[in-house]
Amino acid sequence: TLATYPACVGYSGARRAVKQTLFSLGYYHQRLSRFEFPGVATLCYHGLRDAADMSVPFADLHVCRDVFETHCRLISTACDPISLDDVRAARHGKRALPPRPVIVTFDDGYRSVVDHALPALERYGIPAAVFICAGAVLGSHHFWFDTLCQRESAEAVVSAGTLSYAQWRTLSESATTPISKDETH
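Everything numeric in this text was worked out from a predicted model, so none of it was measured.

Enquirer: What is the right way to read the packing of helix H2 (residues 27-34) against helix H3 (residues 65-78) from this model?
Expert: The description of two packed helices rests on the angle between their axes and on the distance between the axes. At a minimum axis distance of 9 Å, the contact between H2 and H3 shows a crossing angle of 35°. The interaxial crossing formed by H2 with H3 has right-handed handedness. The segment H2 lies against H3, with Tyr28, His29, Leu32 and Ser33 engaging Leu74, Thr77 and Ala78. Its residues assigned to classes, the contact of H2 with H3 shows 4 nonpolar, 3 polar and no charged.

Printed below as a string of structure tokens:
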């Protein structure tokens, strides 16, 4: 049987069909396992979501859980997953990098990394680095950009980049909302 690439709301029909076909034919596995990488491939994720959940702010930045599972399976069979410690050791000449080094990272500190990504990473033996925005996580509040996106739009977040620091600070503080016990970050 051919492997299938999971459907994920947000992908266009044509884009998903092309990915499905290439994945099903083993194209990605064949290409990845054939060559040595010229350096470390770094895969940067933000968070994970259910396939049908488009309510997550900036949903396209949050990979569908099934797609992430497929990525992990492919990485574990066609590449050489490494950790930040492996990169440091190679930079200091203590050990060589494997032929197809891949490091997986997550930005921001969304709860979905612990709830959904960690089990898949453990299942496939893939180390990962998580870079956390400590203020939001320790303060138990939503990221200001997620709140602003939900209140107004993604465009409002983008246009915040044109504000002076004082204006941005006021905006980000006003867009900070607490996380309830039932919510995840």
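Enquirer: Before we go on, may I ask you to explain the packing of aromatic side chains in this structure?
Expert: Throughout the structure, instances matching the rule amount to 9 aromatic pairs. With centroids separated by 5.8 Å and ring planes inclined at 80°, the aromatic side chains of Trp144 and Phe145 adopt a geometry described as edge-to-face. By the ring-pair criterion, three or more aromatic residues cluster together here, those being Tyr110, Phe143, Trp144, Phe145, Tyr165 and Trp168.

Conventions and cut-offs
- Residues numbered from 1 in each chain as written.
- Predicted model: local features only at pLDDT ≥ 70, side-chain atom pairs only at ≥ 80, totals over all residues.
- Heavy atoms only, no water.
- Axes fitted to C-alpha atoms, helices over the stretch in contact; angles between N-to-C directions.
- Helix = DSSP H or I, 4+ residues; strand = E, 2+ residues; numbered from the N terminus.
- Left-handed = near helix turned anticlockwise from the far one by under 90°.
- Contact = heavy atoms within 4.5 Å.
- Nonpolar A, V, L, I, M, F, W, Y, C, P; charged D, E, K, R; others polar.
- Phe/Tyr/Trp six-rings, centres within 6.5 Å; stacked < 30°, edge-to-face > 60°.

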